[in-house]
Amino acid sequence: MISHSQPYTSAQAAETSKRIVLTGGGSAGHVAVNLALIPELRQQGWAIDYIGSETGIEKELVEGLPGVSYHAIATGKLRRYFSLQNFSDPFRILKGVGQSGRLIRRLKPSVVFSKGGFVSVPVVLGAWMNRVPALIHESDYSPGLANKLALPFAAALCTTFPETASAVKSGKAVQIGSVVRPELKEGEASRGLELLGFDGEKPVLLAAGGSLGSRALNANLRRNLDTLLERFDIVHLCGKKGLDDSLADRNGYRQFEYANEGMADILAAADIVFSRAGSNAIFEYLALGKPMLLCPLGRKQSRGDQILNADSFVRAGYAETIDEEHWDDERFVIKLEELYSKRNRYIARMRTAEEGDPLKLLLREIAKVAG
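All residue numbers refer to positions counted from 1 along the written sequence of the respective chain. With the structure being a predicted model, the display of local features is reserved for residues of pLDDT at least 70 and the display and counting of side-chain atom pairs for 80 or more, all residues being used for whole-chain, interface and lining totals. Processing note: side-chain calculations cover all non-hydrogen atoms of the structure and skip hydrogens and water entirely.

**What about the packing of aromatic side chains?**
Link 1 in the chain: In this analysis, rings of Phe, Tyr and Trp, with Trp reduced to its six-membered ring, are considered paired at centre separations within 6.5 Å, and the interplanar angle assigns stacked below 30 degrees, edge-to-face beyond 60, and tilted for intermediate values. All told, the structure shown has 10 aromatic pairs when counted by the stated rule.
Link 2 in the chain: Between Phe283 and Phe313, the aromatic rings sit 5.0 Å apart at their centres with planes inclined by 85 degrees, giving edge-to-face as the arrangement. Residue Phe283 is located in helix α12 (residues 279-287), and its partner Phe313 is located in helix α13 (residues 305-316); the two are separated by 30 residues in the primary sequence. For the pair Phe283 and Phe313, one class covers both residues: buried.
Link 3 in the chain: Here a set of aromatic residues connected by ring pairs shows up, and it is made of Tyr141, Phe161, Phe283, Phe313 and Tyr318.
Link 4 in the chain: Throughout this description, the term charge over a ring refers to an Arg CZ or Lys NZ atom that lies within 6 Å of the ring centre and within 35 degrees of the ring normal. In this structure, Arg231 packs its charged tip against the face of Phe232, placed 5.7 Å from the ring centre.
Link 5 in the chain: Sitting over the face of the ring of Tyr340, Arg343 holds its NZ or CZ atom 4.0 Å from the ring centroid. Numbered from the N terminus, helices here are DSSP runs of H or I no shorter than four residues, and strands are runs of E no shorter than two. With a 1.4 Å probe rolled over the protein chains alone, any residue whose accessible area is under 20% of its type maximum counts as buried; one over 50% counts as exposed, and the rest are partly exposed.

Spelled out as structure tokens, the structure:
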């Protein structure tokens with residue numbers, strides 16, 4: 001299954017020798033860096049193809065973007081737990097490797113850029129089979145399973161945390177920092193308040209469980225809604241199928257599955273954030289100066305990467321954490337109130353974060369690997 005968006009690719013790709021294949025998916029975090037790259041790559045004259053899954057969020061976010069051709073392949077999930085699908089998914093992964101290999105052979109890109117996620121492994125392998133260099137990017141403190149599997153077949157690994165680069169033994173790692181979409185910095189609080197229907201008399205709490213949502217985070221927030229709404233207006237990004245229709249008309253509470261349009265303005269309107277600790281999201285909050293109460297996904301449900309991400313931000317003075325596995329409602333409310341009362345202290349610490357332009361550094365690495 002291959003779908004094409006705008007006529008840009010057919011008209012302009014023939015005029016340029018620069019072609020790049022982007023990949024990454026499974027969650028919005030595995031697409032965000034690609035979304036930041038696409039306008040810059042177009043401006044530089046690259047022809048852009050995106051290889052993703054047939055039904056993942058990457059298709060929803062990428063397909064239809066001007067200047068990008070989207071190609072869907074078969075994928076399987078790399079699970080760390082028992083599932084009957086673990087027996088069938090290796091065959092889907094092998095099918096995806098074959099599809100990726102044929103696509104890359106036909107497209108003849110100069111380079112493949114992978115943001116990770118389970119869909120990316122067949123694409124990096126397909127690039128290796130065709131002797132096309134691949135650059136992969138790791139947002140988290142510790143590399144994920146997909147990137148660990150892909151690294152031997154890649155030319156280089158770009159990291160967000162400096163500790164990640166120093167821990168990679170292959171010598172392929174280079175630390176570039178966090179790539180944040182430039183448009184997120186262009187939001188206006190007044191537009192965000194208008195979009196949300198808030199009058200601005202109360203501070204705004206943004207609660208976000210990631211693009212796929214978090215049942216536990218959603219439930220913990222909603223169980224304390226009466227108490228929190230006395231103090232805050234709340235915008236809740238509750239993830240796919242996370243809406244609660246019984247709360248649709250609740251004054252001072254707005255819920256969305258995932259905010260794409262208007263996200264910059266919503267972020268601008270937020271005073272503090274309650275969130276999971278996915279790397280892309282927390283670095284966006286850092287760039288925008290939003291104090292955070294982070295509830296990382298625990299080791300029972302993950303490899304513990306979000307715990308490491310959150311601990312790093314706590315050490316830097318950007319955030320506080322709350323443990324989902326030892327949850328206490330009263331402590332949750334107190335922590336949010338303390339975070340807001342001390343918000344200026346956290347914002348001051350965020351302003352001391354190293355400046356730079358990771359997006360330009362990443363574009364430079366792409367050009368370097370492409371040769």
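**What about the packing of helix α2 (residues 32-43) against helix α16 (residues 358-370)?**
Link 1 in the chain: Orientation is described by lines fitted to C-alpha atoms, with helices fitted over the stretch in contact, and by angles between N-to-C directions that extend from 0 to 180 degrees. For the pair α2 and α16, the least separation of the axes is 11 Å and the interaxial angle reads 70 degrees. In terms of axis orientation, α2 runs roughly perpendicular to α16. Touching Val33, Ala36, Leu37, Glu40 and Leu41 of α2 are Leu359, Leu362, Leu363 and Ile366, all from α16.
Link 2 in the chain: For the contact of α2 with α16, the per-class residue count stands at eight nonpolar, no polar and one charged. We call two directions roughly parallel when the angle between them is under 35 degrees, roughly antiparallel when it is over 145, roughly perpendicular when it lies between 65 and 115, and oblique otherwise. Should any heavy atoms of two residues lie within 4.5 Å, those residues are counted as being in contact. Ten residues, namely Ala, Val, Leu, Ile, Met, Phe, Trp, Tyr, Cys and Pro, are considered nonpolar, four, namely Asp, Glu, Lys and Arg, are considered charged, and the remaining ones, Gly among them, are considered polar.

**Focus: the sheet that holds strand β11 (residues 253-256)**
Link 1 in the chain: In space, the six strands of this open sheet follow the order β11-β10-β9-β12-β13-β14, with parallel pairing throughout. With partners counted over all chains shown, the strands left at the sheet margins are β11 and β14 (319-321), one partner each. Neighbouring strand axes in the sheet, compared pairwise and without regard to direction, differ in orientation by 15 degrees on average.
Link 2 in the chain: Pairing between two strands requires that DSSP report at least two bridges joining them. Relative to strand β13 (residues 292-294), strand β12 (residues 272-275) runs parallel, the two sharing three bridges. Bridging from a neighbouring strand, Ser275 pairs with Leu294 of β13.
Link 3 in the chain: Taken strand by strand, α12 contacts β9 (204-208), β12 and β13, and its axis lies near 165 degrees from that of β13.

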